[in-house]
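# Breakdown of the fold
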Amino acid sequence: MGIKVIGTGSYLPPKIITNDDIARSLDTTDEWIFSHTGIHSRHMAGEGETSATMGAKAARLAMEAAGVTNEEIGLIVVATSTPDYNPFPSTACIVQDLLGCTNAGAFDLQAACAGFIYALEQARGFVNFYPDKKAIVIGTEALTRVVDWSDRSSCILFGDGAGAVVLANDELPGAASLKTRAHTLLGADGKGAHFIARSGGCKDSLTINPSTGVPEKAGPILPEMTLQGHDVFAFAVRTLAKVASELCEKLGTRPEELDRVFAHQANARIIEATARRMKLPLEKFWLNLQTTANTSAASIPISLDQAVRAGKLVEGMRIVMVGFGAGLTYGGTYCTWPNL
Ligand code: UT7
């Protein structure tokens, strides 16, 4: 009974870029990258692949696992920092068309690497109030298209891919608010907005040509991501353990009672530090960034799907999903899988 994840799916593009590949053009080594991040390789979206096409593939697999039809889907939420367009039409609308979910509303949500947690909460609210409809939540990224491939301290960190879940509700509208089930904590700290950024938005004003009085815009901008790694690292280590522990405390659970933690896959050292702070064995933390690297909003749903398909995330497990990212944003959800 209640709001549930009824299917998961994920997609990683077949093209793989190893650390050794990167070391052929930058002053770095597989040894440095692996020892500082836990990453050996990452997937890269190929020609014709976009956040929308990868998201649609992950969503289709999640729909198949859930056994739902296109018509049953009432909402598609796409968390992404690498939309197909800049920023409209939304990637969610392209996904909706690719999936043929003609009854679904669709929108993108931007909360960077914490985007999946934010999007899950939006969709949870939707199926709570419209229990006859199902929702798809997708995290999808084509980050290799926006990293600065000449910056060895940031380009090594990111990869492409998508993950998705389907949510359904089989209880009366509003009933979820009466019970304690999943619990979510969302937060932001805009003071760190400049720690991870990609410019090229509408922040800069146009200049007026003095002779014609007509606004002029600068040439086409193809901005790359900038990253203050140290600051983000410190924020992540502080935040992940705090959010996960606060969630446990609110629900009267001790962290050691958790079966698994699905933390955003940014850096293995961040996850190790979180495990130490929470006094949990590292084995409780899902780790896949050795081969996926940081896929931002896609990292948690990819991890969930891999764990489900490997039989490592099964009904009744108490889990915390927790993420952080540009903004700065952070968020976590505690649930007894697959109930939300
Ligand atoms: O989803 C959120 C996204 N962001 C993140 O997750 C970023 C979190 N931050 C990190 O993961 C780490 O800060 C990095 C992996 C980015 C960097 O690791 P670090 O241990 O903080 O290295 P550092 O920036 O302090 O750099 C140490 C040295 C520097 O050399 P000097 O100045 O000491 O001579 C860097 O130039 O390591 C150098 N360095 C590298 N050397 C070889 C930086 N990147 C590389 C590299 N290969 N790829």
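Sequence positions are assigned chain by chain, starting from 1 and proceeding in written order. Side-chain atom pairs in this predicted model are given and counted only at pLDDT of 80 or more, local residue features only at pLDDT of at least 70, and totals for whole chains, interfaces and linings cover all residues. Water and hydrogen atoms were dropped before computing side-chain values, which therefore reflect all heavy atoms in the structure.

### Some details on the side chain of aspartate 160
Put simply, the test is: A run of H or I in DSSP becomes a helix once it reaches four residues, and a run of E becomes a strand once it reaches two; helices and strands are each numbered from the N terminus. Relative accessibility decides the category of a residue: with a 1.4 Å probe and only protein chains considered, values under 20% of the type maximum give buried, values over 50% give exposed, and everything between is partly exposed. By the counting rule applied here, Lys and Arg register as positive and Asp and Glu as negative, while His and the ends of each chain are not counted. Each salt bridge in this description consists of a side-chain nitrogen of Lys or Arg and a carboxyl oxygen of Asp or Glu lying within 4 Å of one another. Nitrogen and oxygen atoms within 3.5 Å of one another constitute a polar contact, given that in protein one can donate a hydrogen and the other can accept it, and given that sequence-neighbouring residues count only through two side-chain atoms.
With respect to the helices and strands, the residue aspartate 160 is situated in strand S7 (residues 160-169). Arginine 145 provides the closest opposite charge to the buried, unpaired aspartate 160, separated from it by 5.8 Å. Looking at aspartate 160, its side chain comes within polar contact range of the main-chain nitrogen of alanine 45, at 2.7 Å.

### Overview of the nonpolar core
As a rule of thumb, nonpolar side chains are buried together in soluble globular proteins. Worth spelling out the cut-off: Among buried residues, the Ala, Val, Leu, Ile, Met, Phe, Trp, Tyr and Cys ones that are joined through side-chain atoms within 4.5 Å form a nonpolar core. Each domain's limits were defined by an automated method or a database of domain assignments. Residues are treated as being in contact if the distance between any of their heavy atoms lies within 4.5 Å.
By size, the foremost hydrophobic cluster in this structure holds 47 residues, and its most contacted members are Phe285 and Phe324. Among the elements that line this core, the one with the most residues is helix H6 (residues 229-250), at 10 residues. If you count residues domain by domain, this core takes at least three from each of domain 1 (4-176) and domain 2 (180-194 + 225-336). Among residues more than four places away in sequence, those in contact with phenylalanine 324 are Cys113, Ala114, Val232, Phe235, Ala236, Leu240, His264, Ala266, Ile270, Thr329 and Tyr330.

### Some words on the sheet that holds strand S6 (residues 134-142)
The line we're drawing: Note on pairing: DSSP must find at least two bridges between two strands before they are called paired. Interaxial angle, 0 to 180 degrees, is taken between N-to-C directions of lines fitted to C-alpha atoms, where a helix line uses only the stretch in contact.
Judged by pairing direction, the sheet is mixed, and its 5 strands sit side by side in the order S1-S7-S6-S4-S5 without closing on themselves. The open sheet has two free edges, formed respectively by strand S1 (3-11) and strand S5 (105-109), since each of these has just one partner strand. On average, each strand axis in the sheet is inclined to that of its neighbour by 15°, with strand direction left out of account. Two elements, S6 and S7, share 8 bridges in a ladder whose sense is antiparallel. Opposite alanine 135, over in S7, you have leucine 167 as the bridge partner. Docked against the sheet, helix H9 (residues 299-309) engages S1, S6 and S7, running at close to 95° with respect to S1.

### Brief notes about the pairing of S7
Remark: a regular strand shows side chains that alternate across the two faces of the sheet. Across the 10 residues that make up S7, a large majority, 10, are buried. Here S7 shows two buried faces, one formed by Asp160, Ala162, Ala164, Val166 and Ala168 and the other by Gly161, Gly163, Val165, Leu167 and Asn169. As defined by bridge partners, S1 adjoins S7 across 8 bridges and the pair is classed as antiparallel. Residue pairing for S7: isoleucine 3 is matched across the bridge by asparagine 169.

### Let's talk about the side chain of arginine 124
Counting through the fold element by element, arginine 124 comes out in helix H5 (residues 115-129). For arginine 124, the residues in contact, after removing those within four places along its chain, are Ile3, Leu167, Ala182, Thr184 and Leu340.

### Examining the site of the ligand
The cut-off we apply is this: Any residue with a heavy atom lying within 4 Å of a molecule or strand is counted as near it. Values of accessible area rely on a 1.4 Å probe in the Shrake-Rupley scheme; residue burial ignores everything except the protein chains shown.
Of all residues adjacent to the ligand, which total 23 residues, the nearest are Thr28, Arg152, His230, Asn267 and Asn294. In the environment of the ligand, an oxygen atom lies 2.8 Å from a nitrogen or oxygen atom belonging to the side chain of asparagine 294. Starting from 950 Å² of accessible surface for the ligand in isolation, the protein chains cover 73%. Residue assignment for the shell around the ligand shows that the elements contributing at least two residues are helix H2 (30-37) and H6. For the shell around the ligand, the element with the highest residue contribution is H6, accounting for 4 residues. Here the shell around the ligand spans two domains, and each of domain 1 (4-176) and domain 2 (180-194 + 225-336) adds at least three residues to it.

### Points about the domain arrangement of the chain
Rule in force here: Accessible area that two parts lose when put together, evaluated with a 1.4 Å probe and summed over both, is termed the buried area.
Taken domain by domain, the chain consists of domain 1 (4-176) and domain 2 (180-194 + 225-336). For domain 1 and domain 2, the distance between their C-alpha centroids amounts to 16 Å. At the interface, 50 residues of domain 1 touch 42 residues of domain 2. Approximately 3,400 Å² of surface area, both sides summed, lies buried where domain 1 meets domain 2, with 61% of it carried by carbon and sulfur atoms. Scanning the region where domain 1 abuts domain 2 turns up 0 salt bridges.

### Focus: the packing of H6 against helix H7 (residues 268-278)
How we decide: Oblique is the label for every angle not falling under 35 degrees (roughly parallel), over 145 degrees (roughly antiparallel), or within 65 to 115 degrees (roughly perpendicular). By definition, turning the near helix anticlockwise from the far helix through less than a right angle yields a left-handed crossing, and turning it clockwise yields a right-handed one. Gly is put with the polar residues, along with every residue not named as nonpolar or charged; the nonpolar set is Ala, Val, Leu, Ile, Met, Phe, Trp, Tyr, Cys and Pro, and the charged set is Asp, Glu, Lys and Arg.
At their nearest, the axes of H6 and H7 sit 9 Å apart, and the two run at 40° to each other. Compared by their axis directions, H6 and H7 come out oblique. Like other packed secondary-structure pairs, H6 and H7 cross with a definite hand, here right-handed. Seen from H6, the contacting residues are Phe233, Ala236, Val237, Arg238, Leu240, Ala241, Ala244 and Ser245; seen from H7, they are Arg269, Ile270, Ala273, Thr274, Arg277 and Met278. Residue classes in the contact of H6 with H7 are distributed as 9 nonpolar, 2 polar and 3 charged.

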